[in-house]
Structure formats: structure tokens, C-alpha cells
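Listed here are the chains, written in short residue letters.
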Amino acid sequence: MSQDQSKSQELAQNPARRKFLNTTALAGLSGAGLAAGLSLSPAATTTAHAAASDSASKVHLKPGELDEYYGLWSGGHTGDFRVLGIPSGRELLRVPCFTPDALIGWGITNESKAVMGTKPDGSLEFTVGDTHHTHASYKDGNYDGRYAWINDKINSRIARIRLDYFICDKITKLPNVQGFHGIFPDKRDPVDPKVNYTTRVFCGGEFSIPLPNVGTEDHTQYRSLFSCVDAETMEVRWQVLIDGNCDLVATSFDGKLAASNQYNTEMGARFEDMMSAERDSCIFFNIARIEAAVKAGKFKTYGASKVPVVDGTKASNKDPKTALVGYVSVPKNPHGVNASPDGKYFICAGKLSPTATVIELTKVLEWFDGKMADIDKAIVAEVELGLGPLHTAFDGRGNAYTTLFLDSQVVKWNVDAAIKFHAGDTKSQYVVDRLDVHYQPGHINATQSETMFADGKWLAVGCKFSKDRYLPVGPMHAENEQLIDISGEKMVLVADHPVRPEPHDFIMFRRELLSPKPIYQHEEFPLAVTKVEDAGVTRNGNKVTVKMASYAPAFEPREFKLKVGDEVTLILTNLDRIEDLTHGFALPDHNINFIVNPQETKSVTFKADKPGVFWYYCTHFCHALHLEMRGRMIVEA
Ligand code: CUK
Ligand code: CUA
Ligand code: CA
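Presented here is an overview of the structure given in this document. (Residues numbered from 1 in each chain as written. Chains lettered and ligands numbered in written order. Predicted model: local features only at pLDDT ≥ 70, side-chain atom pairs only at ≥ 80, totals over all residues. Heavy atoms only, no water.)

## Let's talk about the overall build of the chain
Phase 1: Helices and strands together make up the secondary structure of the chain, namely 9 helices and 39 strands.
Phase 2: The C-alpha radius of gyration of the chain comes to 26 Å, within 12% of the 26 Å expected for a compact globule of 637 residues.
Phase 3: Considered along the principal axes of its C-alpha atoms, the chain spans approximately 85 × 60 × 50 Å.
Phase 4: In the chain, buried positions account for 59% of the 637 residues.
Phase 5: Expressed as a percentage of contacts within the chain between residues at least 6 apart in sequence, the contacts between residues at least 24 apart total 61%.
Phase 6: Taken as a whole, the chain presents about 25,800 Å² of accessible surface, with 54% of it coming from carbon and sulfur.
Phase 7: Separation of charge centres in the chain, based on 69 positive and 79 negative side chains, amounts to 2 Å. (Helix = DSSP H or I, 4+ residues; strand = E, 2+ residues; numbered from the N terminus. Rg over C-alpha atoms; globule rule 2.2 N^0.38 Å. Buried < 20%, exposed > 50% of the residue type's maximum accessible area, 1.4 Å probe, protein only. Contact = heavy atoms within 4.5 Å. Areas by Shrake-Rupley, 256 points an atom, 1.4 Å probe, with all protein chains shown as cover. Lys, Arg positive; Asp, Glu negative; His and termini not counted. Charge placed at Lys NZ, Arg CZ, Asp CG, Glu CD.)

Take a look at the structure:
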């Protein structure tokens, strides 16, 4: 064990040190220390290297071998959604949603612009995004392969990714909120036992704003809302006005509760104010009661939004028997909240407190039933783990794995042992293992961790700093996604995977849970050009429609004529039926580039604003005559 490790172990096991970060945090934050905390321990690096050799062969896939798990990753402020194979860590796909993408023509084709949202002049409303959390739809406590959702923190949008085609099909902007951060689908309906799958997605609003947002300076008037989006229609069903703010979100397996950690119960506008209280909250939403209140008309609306907003403030929810929400006290500026796969607990990571708080869900429900007067009695453990706990994953064998941002460690701890320790059994050794990671970890997840089928095989850790782990490429460093074998008692670091900055959250699940389609169906596309004979040009005044087909190695029509000033809508269907046979369509000097996958149809609309010959060509190497796959757009003056 390295010196660092034994020091943290001692800190973790010594209750007398419990509040030590609370008193030092302010001093640390104002200096450079806590912000990055980048002390590097050479001893720790050696330990990791030695242990890695045994498990390394499990990660190395032979050529042609497939990964056992899909990983769905957020892209952070690149605004995208990524698909990785695990355990290899290979990036397989990026799915654009909030930001344009030149490969597939996202933000260029009419169909993608309709999903992204446009201004009256037809240009995109937003071209930036900041994705943090991605989660997939559930059925019977496991992923069902229908959808994933991802948040855009900048513009408070939620995107849905269809997992049959791995494309974004809907984006919704949440009204009345700013800084939409945490997101989590429900896992079944709280009332209807037949609805054993996801029908809602919950969204936490992190920043508080005036309602309506009229630019008031007095921040004590600002409010945050918790939102519920319909998983199918993607419309916002309802919102809850709360005290404080929302950070991350978790949901119970019985569908009854959703929760969000709150770091700013102080409602401060500056960080000093946001960390002035010793405790903040984890806020619990009683989904059935909220929906009954909406049905009964007990709501308000704000501004232009028609979304019903119910009152979840403390003042209006004093009686547990009618309360829509309950506030459980949690120390201090908590960050991640995660649901244990046995369905019993939510675990809040303390961030500025070196603790994790374990909240028992049946006790929260007892409070809502009026059987327990003090909701804080739902806390069954509050144990020290180390410095800067952020997020927690599970192995399905009763252990939790929490990232310690400041300690640059992952700590493996046993939930039952922690509960015993909290109950007074000071001999209960809840810390099972510690592992140094490289460096400053944020999100963590284990294979199948957030399902009832957590399998305890792999743990991935999203390290925010990679420092010396890769060839230097200038001032910006790759981030370091580390893979850890958790099949044994001890954690074993097996691999570093560089990723483009900066992913936050991710999930990993068994590949059998997905069955993506190899080619598109024509029925998906109302504009499809279903056979070569349907290709051609029609004109209505200066509005021209070009119906085009691609089949290797040609486009049909091979050429078409326009007049300067024509407004052209070009519809392209890829008639090839061979899996993986993609064609591209690029048009010089008109800002047009997109691809069509087998049997897919896309369209673009543009102005023929200059005379000339413009060779449209296939960008995607498809055939021995790929370079010859081109045609002429002839624009006459
Ligand atoms: S937040 Cu990034 S490390 Cu947006 Cu999930 Cu915790
Ligand atoms: Cu079609 Cu290259
Ligand atoms: Ca706080």
C-alpha cells in the first residue's frame, strides 16, 4: 500500500476526522490546491503498473473479436454522444445531436435541421451543446435497447437517440430552466403494474433564474425546476418548483421516487455563498402524487410555457402525507446520486464533505406515508471515504465504488458494512480497497451498474486529467478513461483509453441487449425515391425539386440544369441494399455534404446563387469506381 493510500484509509476509518474537509474546504478552494489538487505520487503509479499485467489479456481483443459491452458516452462540450466498445475502449461511433456534424450532414440536411430546430430564416437556432449525462430506456429493471437520452446543459435541451439506428430523432428545449444537468429515465410506472418500462425522463435544472426571466439582480428571487419529459412524445409533461437547485438525478426501480442532489440550498449566486451551509439536500419527488396534483389542476404556468408547474417548495410541503417532495439533509455540496442495483438505496457523494450518505428508499416512502416524522431518519449511513467524492457505481455484490476527485482514487466500500458502522459498530471495516487512478476522476460506472443486473466485471473511470499518460500533443491533453477489473476482491487497473475532451457520464451494458438494424427501411422516409425510374427534376416557377438515387458507382440523374436564382430541394435515396455501403454527397461551393446509408433518404434545400458547373461527388469510398461516382449541376446565368 502506498503512503497516500494508508493515509486516506486512516482518514476514512477515523470518525474523529469526519468534518475535516468542512473546515478546510474554504481555504483550499481559494488557493490553487482544491481546484486541481494535482499532487502526483510516483509510488502509486508503480503499484498500478505491476497489478495491470494479469488482467491485461482480457482487454486485448484479437483482430476481428467483438467487445462484450456497449458503452454509451457523453461528449461534454463537444456536444455529441459516443459509442464505445468495452473492454477494448475503441470508439465505434459518434452520434451528433446538439451540434452540426460534417460526416453525416447533421445540421445540413433538412431532416436534421428539423430535429435541431431552426430560426425563421431557416438557419440553426443553436450550434453548440454541452452533453453530460446519457442513460438508456429500461424494461423490467434492465436496458431494453429502445432509446438513450442525453442532456445539453448550455441550452437546456434533451435529445433522444434511437438505439435501433443510433440516430438522434428528437430534441426538446425545457422551458423555465437554465443549466439542465442531471437526467434519468424512470424504470417503470409508479402506479400501473403493466407499464414495467420507461415512460418518463426526469431532468434537473441546476441554475436558478427569475421566473419569468426578466433580468432581476436579486438572486434570492431566482428559482430552479425539476422537469418530467414524456419518453415517447418528448413533450414536457410537468415541472416542480423547488427550493435550492438540482444537480444529478436518480430514479428508483419501483418507479415511485426520483431524486436530485442539491448543492446550492443556500440559493447563492457566488461559490462562497453556495458552500456556506454545512449541509445541503437530496430532494425526493413522489411521482404519483405530483401527477395526481397536475391532474387535479393544482399547478401554475409561467410566461409563454403551457407546462404545468406544481409547488414543491418546503413551505408548501410540510405535511408528509400530502407532500409532493421531501428534502433529506446531506453534507456538503453533494454531487452524484446513484441508485443501488438491489433497489434499496440512493447514495449521495459528498464532494465538499469526505462522506457518502446512504438513504434507504423504504424509509423515504414511510415518511411520505406519515409513518416516520423525520425524513432525515431515512439516512442509514454517512461514512467517510476520502477527499472529494463525486460519483458511485456498483458491482451487484453489495459493494459500491466511489470516485475521489481530490485524492485521485477509487474507493471500493461495502454498503452493508457502512450501514453497520454508522449504527455504532466501529469495528465494521467498510472500506474494502482503494486504487489510485490517473488523475482526478469524475464519473465512474460499472458494467450493468445501474440495472438490477449489475455483473461486477468492469469499472470505467473518467479521469479529468491525463497529465503524463499519453504522448504530449500541446497544451490540451486527452482525457483518460481507465478500465479496472473488478471481478476479484482487489481492483486491478488494466488499461488507459484516451478520449477527446471531455466526456462526463457513461453507461456500459451487455451487447445482447441491443439489436441495431443493418440497413434502413424505406418506410422511415416519406420522401424516399424508391426506384431509379423515379429520379428526375421537376420545376415549379423557380422552385426546383431534384429527386436523386445513388447506387454504386453512380448517381441518377448524372446531371441536371438550373438557372441562377433557383431554390433547389435535392432528395437523395441510397438504393444500395448492401450492409455498410454508404455513399456521400458533396456539392462544391454550396456548403453541402452528407452521407446516405443503405436505403436511407435525406434532403437539402439551397439556392443556386451563382452560375457555373459544380461536380457533385461521392465522398465515401464505396466502389472501385468511387472516384468516378460524380455528376454535374449546371447553373446557367
Ligand atoms: S457532472 Cu461531470 S463529473 Cu456533469 Cu455528471 Cu460529475
Ligand atoms: Cu459512392 Cu463513393
Ligand atoms: Ca451548499
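## What to know about the site of ligand 1
Phase 1: Around ligand 1 lies a shell formed by His132, His133, His181, Leu248, His335, His391, Gly442, His443, Lys464 and His504.
Phase 2: The residue inventory of the shell around ligand 1, partitioned by class, reads 1 nonpolar, 8 polar and 1 charged. (Near = heavy atom within 4 Å. Nonpolar A, V, L, I, M, F, W, Y, C, P; charged D, E, K, R; others polar.)

## A look at the nonpolar core
A general feature of soluble globular proteins is that nonpolar side chains tend to end up buried together.
Phase 1: Counting residues in each nonpolar core, the largest one holds 47 residues, and the members touching the most others are Leu72, Phe81, Phe226, Trp238, Val240 and Phe285.
Phase 2: For this core, the element with the highest residue contribution is helix 7 (residues 287-295), accounting for 4 residues.
Phase 3: Once residues lying within four places of it in the same chain are set aside, the contact partners of valine 240 are Ser224, Leu225, Phe226, Phe285, Ile290, Val309, Val310, Gly312 and Val325.
Phase 4: Core analysis: the second largest hydrophobic core is formed by 25 residues, Val568, Ile592, Val596 and Ala608 among them. (Core = buried A, V, L, I, M, F, W, Y, C linked by side-chain atoms within 4.5 Å.)

## Points about helix 8 (residues 361-368)
Given 3.6 residues per turn, any residue in an α-helix points the same way as the ones three and four places further on.
Phase 1: Among the residues making up helix 8, those that are buried are Leu361, Val364, Leu365, Trp367 and Phe368. For helix 8, the arc enclosing every buried residue in end-on projection is 155°, short of the 170-degree limit, so these residues lie on one face.
Phase 2: Buried-residue contacts for helix 8 involve strand 13 (257-262), strand 14 (279-286), helix 7, strand 16 (325-331), strand 18 (345-349) and strand 19 (355-360). (Arc of directions from axis to C-beta.)

## Some remarks on the packing of aromatic side chains
Phase 1: One pass over the structure, following the stated rule, counts 20 aromatic pairs.
Phase 2: Between the aromatic rings of tyrosine 165 and tyrosine 520, the centroid separation amounts to 4.3 Å while the plane-to-plane angle is 25°, which identifies the pairing as stacked. Of this pair, tyrosine 165 sits in the loop between strand 6 (157-162) and strand 7 (167-173) while tyrosine 520 is found in the loop between strand 29 (506-510) and strand 30 (536-540), placing the two residues 355 residues apart along the sequence. Considered together, tyrosine 165 and tyrosine 520 belong to a single accessibility category, that of buried residues.
Phase 3: With 5.8 Å between their ring centres and 85° between their planes, phenylalanine 555 and phenylalanine 585 make a pair best called edge-to-face. With phenylalanine 555 in strand 32 (residues 554-556) and phenylalanine 585 in strand 35 (residues 583-587), the pair connects residues that are 30 residues apart, well separated along the chain.
Phase 4: Its relative accessible area of 1% is what places phenylalanine 555 among the buried residues.
Phase 5: One aromatic cluster in this structure is built from Tyr70, Tyr138, Tyr143, Phe166, Phe184 and Phe509.
Phase 6: A cation over an aromatic ring shows up here: lysine 351 above the ring of tyrosine 263, its NZ or CZ 4.7 Å from the ring centre.
Phase 7: The positively charged end of arginine 630 is found above the aromatic ring belonging to tryptophan 615, 4.6 Å away from the centroid. (Phe/Tyr/Trp six-rings, centres within 6.5 Å; stacked < 30°, edge-to-face > 60°. Lys NZ or Arg CZ within 6 Å of the ring centre and 35° of its normal.)

## Describing the coordination of the calcium ion (ligand 3)
Phase 1: Within the first shell, the calcium ion (ligand 3) binds the protein through Tyr263 (O), Glu266 (OE), Glu266 (OE), Met274 (O), Asp280 (OD), Asp280 (OD) and Asn333 (OD1), at distances of 2.2 to 2.7 Å.
Phase 2: Mapping the donors of the calcium ion (ligand 3) onto the primary sequence gives the spacing Y-x2-E-x7-M-x5-D-x52-N. Here tyrosine 263 is found in the loop between strand 13 and helix 6 (271-274), whereas its partner methionine 274 is found in helix 6, with 11 residues between them in sequence. (Donors = N, O, S within 2.8 Å, 3.2 Å for Na, K, Ca; no water.)

## A look at the side chain of histidine 335
Phase 1: Take histidine 335: it is sitting in the loop between strand 16 and strand 17 (337-339).
Phase 2: Side-chain polar atoms of histidine 335 contact the side chain of aspartate 247, separated by 2.7 Å. (Polar contact = N/O pair within 3.5 Å; in protein donor to acceptor, adjacent residues only side chain to side chain.)

## Considering the sheet that holds strand 8 (residues 178-185)
Phase 1: With mixed pairing, the 5 strands of this open sheet are ordered in space as 8-9-10-11-15. Across the chains shown, the open sheet's two edge strands, defined by having one partner strand only, are strand 8 and strand 15 (309-311). For this sheet, the mean angle separating the axes of adjacent strands, direction not counted, is 25°.
Phase 2: Both strand 10 (residues 224-230) and strand 11 (residues 236-242) contribute to a ladder of 6 bridges, which runs antiparallel. (Pairing = 2+ DSSP bridges. Axes fitted to C-alpha atoms, helices over the stretch in contact; angles between N-to-C directions.)

## Considering the pattern of salt bridges
Phase 1: Using the criterion set out here, one finds 38 salt bridges in the structure.
Phase 2: Between arginine 90 and aspartate 67 there is a salt bridge whose closest N-O contact spans 3.4 Å. Of this pair, arginine 90 sits in the loop between strand 2 (80-86) and strand 3 (91-96) while aspartate 67 is found in the loop between helix 4 (42-59) and strand 1 (69-74), placing the two residues 23 residues apart along the sequence.
Phase 3: Residue class for arginine 90 comes out partly exposed when judged on its relative accessible area of 37%.
Phase 4: The buried category is assigned to aspartate 67, whose relative accessible area is 9%.
Phase 5: With a shortest N-O distance of 3.5 Å, lysine 332 and glutamate 278 are connected by a salt bridge. Of the two residues, lysine 332 is situated in the loop between strand 16 and strand 17 and glutamate 278 in the loop between helix 6 and strand 14; the sequence distance between them amounts to 54 residues.
Phase 6: Under the relative-accessibility criterion, glutamate 278 is labelled partly exposed at 38%. (Salt bridge = Lys/Arg side-chain N within 4 Å of Asp/Glu carboxyl O.)

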